[in-house]
Amino acid sequence: MGLGGISIWQLLIILAIVVMLFGTKRLRSLGSDLGSAVKGFRSSMQDEGDEQAEQNAAEGDEPETSDAAKNKTDV
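**What about the overall build of the protein chain?**
A count of helices and strands for the protein chain gives three helices and zero strands. For the protein chain, the sequential pattern of α-helices and β-strands runs α-α-α. Considering the protein chain as a whole, with its 75 residues, one finds that 3% of them fall into the buried category. Accessible surface, the protein chain: about 6900 Å² in total, of which carbon and sulfur atoms supply 61%.

Shown next as structure tokens:
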């Protein structure tokens, strides 16, 4: 049995119908657009994390990996 009671044959039939409806060219462009969107989202999240780390360093805050932070989790 497949995902949620759907067999592999049912998934293949659904895939064939989707390919017939949209065509491989449109699906390929949709996949590349989705991939670039995910890549942009990840890079923006990374940039935000870098900016926050720089701001904490400028303010003199210690990172959360200090001994005080470790002792908080040991309680």
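**Digging into helix α1 (residues 8-22)**
If you check α1, its first and last C-alpha atoms are 21 Å apart, about what 15 residues at 1.5 Å a residue would give, namely 21 Å. Remark: Gly 23 follows α1 within two positions and exhibits a positive phi of approximately 85 degrees.

**Here's the deal with the confidence of the model for the protein chain**
Predicted confidence across the protein chain gives a mean pLDDT of 80, with 76% of residues reaching 70 or more. Considering each helix and strand of the protein chain separately, the mean pLDDT is smallest for helix α3 (residues 67-74), with a value of 55, and largest for α1, with 92.

**Observations regarding a negative patch on the surface**
Judged by side-chain charge, Asp 47, Glu 48, Asp 50, Glu 51 and Glu 54 come together as a negatively charged surface patch. Position of Glu 48 among the secondary structure elements: in helix α2 (residues 24-59).

**Considerations on α2**
For α2, built from 36 residues, the straight-helix expectation of 52 Å at 1.5 Å per residue is met to within 8% by its first-to-last C-alpha distance of 52 Å. One or two residues past the end of α2 sits Gly 60, with phi positive at roughly 85 degrees.

**Some words on a nonpolar patch on the surface**
Together, Ile 6, Ile 8, Trp 9, Leu 11, Leu 12, Ile 14, Leu 15 and Val 19 make up a nonpolar patch on the protein surface, roughly 740 Å² of accessible area in all. Its location among the elements puts Leu 15 in helix α1.

Conventions used here
- Residues numbered from 1 in each chain as written.
- Predicted model: local features only at pLDDT ≥ 70, side-chain atom pairs only at ≥ 80, totals over all residues.
- Heavy atoms only, no water.
- Helix = DSSP H or I, 4+ residues; strand = E, 2+ residues; numbered from the N terminus.
- Buried < 20%, exposed > 50% of the residue type's maximum accessible area, 1.4 Å probe, protein only.
- Areas by Shrake-Rupley, 256 points an atom, 1.4 Å probe, with all protein chains shown as cover.
- Expected span 1.5 Å × (residues − 1).
- pLDDT = per-residue confidence, 0-100.
- Patch = residues over 30% accessible without salt bridge, like charges linked within 9 Å, V, L, I, M, F, W, Y side chains within 5 Å.
- Salt bridge = Lys/Arg side-chain N within 4 Å of Asp/Glu carboxyl O.
- Lys, Arg positive; Asp, Glu negative; His and termini not counted.
- Charge placed at Lys NZ, Arg CZ, Asp CG, Glu CD.

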